[in-house]
Amino acid sequence: MSLSDKDKATVRAIWGKISPKADEIGAEALGRMLTVYPQTKTYFSHWADLSPGSAPVKKHGKTIMTAVGEAVSKIDDLVGGLAALSELHAFKLRVDPANFKILSHNVIVVIGMLFPADFTPDVHVSVDKFFQCLALALAEKYR
Amino acid sequence: MNSVYRSTAAFSSGLNRSARYTWAATNQSYLNICPAVKPQDTMVQWTADERAAIQGVFATLDYESVGRESLARCLVVYPWTQRYFGGFGNLYNAEAIMANPKVAAHGTVVLQGLEKALKNMDDIKNTYTTLSELHSEKLLVDPGNFQLLADCLTMVIAKRMRTEFTPDIQAAWQKFLSVVISALRRQYH
């Protein structure tokens, strides 16, 4: 399920609309993931506070969305563009790739919440595909 | 330690339901290693907050509007799900799907089905026996699709409720949906 030119254009356009709130989206999505899917908390035992809106959650949400923004700019070559991040996740963080889908779902829920009019079904499908391709690129170096 | 875990896991999964509970009751010390079966897990436990959250979400739902949008999104975002709706006519693009009256009607049916689960929250499993048989034997729906529709429904609710759909409410709501999905999967053989 690779990204068509239309998907890429759609993703770039919606990113333009939502990027001013990227930090908020990231923090909100991460907080929801930790609450709704408690098994994901196992990766953050080094944080003092895992509740939505806490300082480490906000900071990490921002980190994640900055990387998503980078991925949007490298949408024509996600595997190449995200090689370093893939190595980080594969060798250092060792996050089970199944969790990428979980985080994507929560980001989509939050985008829908904050931008209900802009997140039409056509935009939704392109963004869902983009996150799937991003997850695949992130999992590239795993094995 | 590993061999004990593997053998207890194999042992417990090979027994029938009542035998597993008896086994678990007499082998409490193994349960930390193999927590697959605990006697108290015979039914879903809902906290008062969870019940309130789920009922609260339902109170906001316009079945026709939310049903239509959720099903339509599912058909657009996961187009392979269209395989189950061959008789629905025009599903050629997002606009057509959103405007399709059969999609709208069926979206309402889905939400009405969920209402049955809401009204029988302590026994969703048995409430859904007929529905599960319908989906598995007559409609032949791949159960993986239930999660796709559930995710679309959650997203549409988030869109409508905005920040009122707090993380805790989302957690309760998704727990409700996963119990529903599990009940729908039960009659697949």
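In this convention, every chain numbers its residues from 1, walking through the sequence in written order. Labels follow written order: the first chain is A, the first ligand is 1, and so on. With pLDDT at 70 or above as the cut-off, local features in this predicted model cover only qualifying residues; side-chain atom pairs require 80 or more to be listed or tallied, and sums for whole chains, interfaces and linings still use all residues. Heavy atoms throughout the structure, all of them, feed into the side-chain values; hydrogens and water do not.

- As annotated in an unreviewed UniProt entry, chain B carries the name Hemoglobin subunit beta and is attributed to Anabarilius grahami.
- UniProt positions are given in the numbering used here, feature names are shortened, and annotations may be inferred rather than shown by experiment. Regarding chain B, the UniProt comment filed under Sequence similarities (unreviewed entry) reads as follows: "Belongs to the globin family."

- If you look chain A up in an unreviewed UniProt entry, it shows as Hemoglobin subunit alpha from Anabarilius grahami.
- Under Subunit (unreviewed entry), UniProt gives the following word-for-word description of chain A: "Heterotetramer of two alpha chains and two beta chains."
- UniProt, in its Function (unreviewed entry) section for chain A, records the words "Involved in oxygen transport from gills to the various peripheral tissues."

A word on the overall build of chain A
No. 1: Helix and strand definitions follow DSSP, with helices as H or I runs of at least four residues and strands as E runs of at least two, each counted in order from the N terminus. Counting its secondary structure elements, chain A contains 7 helices and 0 strands.
No. 2: When the elements of chain A are put in sequence order from the N terminus, they spell out α-α-α-α-α-α-α.
No. 3: Note that the radius of gyration is over C-alpha atoms, with the globule rule given as 2.2 Å times the number of residues to the power 0.38. Relative to its length of 143 residues, chain A is compact, with a C-alpha radius of gyration of 15 Å against a globular reference of 15 Å.
No. 4: Taking the principal axes of the C-alpha coordinates as reference, chain A spans close to 40 × 35 × 20 Å.
No. 5: Exposure is judged per residue with a 1.4 Å probe applied to protein chains only, and the accessible area is read against the type maximum: over 50% gives exposed, under 20% gives buried, and values in between give partly exposed. Per-residue burial for chain A yields a buried fraction of 48% across its 143 residues.
No. 6: Considering only contacts within chain A whose residues lie at least 6 apart along the sequence, 76% involve residues at least 24 apart. By definition in these notes, contact holds between two residues if any of their heavy atoms fall within 4.5 Å.

Quick notes on the packing of helix α6 (residues 98-114) of chain A against helix α9 (residues 144-161) of chain B
No. 1: Between the N-to-C directions of two axes lies an angle of 0 to 180 degrees, each axis being a line fitted to C-alpha atoms and, for a helix, fitted only over the stretch in contact. The N-to-C vectors of α6 of chain A and α9 of chain B enclose an angle of 30°; their axes lie 7 Å apart at closest approach. With respect to α9 of chain B, the axis of α6 of chain A lies roughly parallel. Remark: the crossing between α6 of chain A and α9 of chain B carries right-handed chirality. Contacts between α6 of chain A and α9 of chain B involve K101, H105, I108, V109, G112 and M113 of chain A from the first element and D151, T154, M155, A158 and K159 of chain B from the second.
No. 2: Three categories are distinguished: nonpolar for Ala, Val, Leu, Ile, Met, Phe, Trp, Tyr, Cys and Pro, charged for Asp, Glu, Lys and Arg, and polar for the others, with Gly belonging to the last. For the contact of α6 of chain A with α9 of chain B, a count of residues per class yields 5 nonpolar, 3 polar and 3 charged. Orientation categories follow fixed angle ranges, with anything under 35 degrees roughly parallel, anything over 145 roughly antiparallel, 65 to 115 roughly perpendicular, and all other angles oblique. Helix crossings get a hand from a simple test, with the near helix turned counterclockwise from the far one by less than a right angle marking a left-handed crossing and a clockwise turn marking a right-handed one.

Let's talk about the nonpolar core
No. 1: One finds I25, L78, V107, F130, F131 and L134 of chain A to be the most contacted residues of the largest nonpolar core, which totals 45 residues.
No. 2: Taken together, the elements giving at least two residues each to this core come down to α1 (5-18), α2 (22-36), α3 (55-73), α6 and α7 (121-138) of chain A.
No. 3: Considering every element that reaches this core, the biggest residue donor is α7 of chain A, with 9 residues.
No. 4: As used in this record, nonpolar core signifies buried Ala, Val, Leu, Ile, Met, Phe, Trp, Tyr and Cys residues forming a set joined through side-chain atoms within 4.5 Å. Counting 35 residues, the second largest nonpolar core, distinct from the first, contains A117, Y128, L153 and I181 of chain B.

Concerning the pattern of salt bridges
No. 1: The term salt bridge refers to a side-chain nitrogen of Lys or Arg lying within 4 Å of a carboxyl oxygen of Asp or Glu. The final tally for this structure, using the stated rule, is 12 salt bridges over all chains.
No. 2: Between R32 of chain A and E28 of chain A there is a salt bridge; the shortest N-O distance is 2.9 Å. Here R32 of chain A pairs with E28 of chain A, and both are found in helix α2, just 4 residues apart, close to one helical turn.
No. 3: Given a relative accessible area of 1%, R32 of chain A falls into the buried group.
No. 4: Residue K159 of chain B is joined to E69 of chain B by a salt bridge in which the shortest nitrogen-to-oxygen separation is 2.8 Å. With a gap of 90 residues between them, K159 of chain B in helix α9 and E69 of chain B in helix α4 (residues 63-77) connect regions that are remote in the sequence.
No. 5: Given the relative accessible area of 7%, E69 of chain B is considered buried.
No. 6: In this structure, a network of salt bridges that share partners links the residues E69, R73, K159 and R160 of chain B.

Regarding α9 of chain B
Residue and element names in this part refer to chain B.
No. 1: Helix span, expected: 1.5 Å multiplied by one less than the number of residues in the helix. Taking 1.5 Å per residue, 18 residues should reach 26 Å; α9 reaches 27 Å between its end C-alpha atoms and fits that length.
No. 2: Extensive coverage of α9 is indicated by the burial of 14 of its 18 residues.
No. 3: Directly beyond the C-terminal end of α9, a positive phi value near 50° is found at R162.

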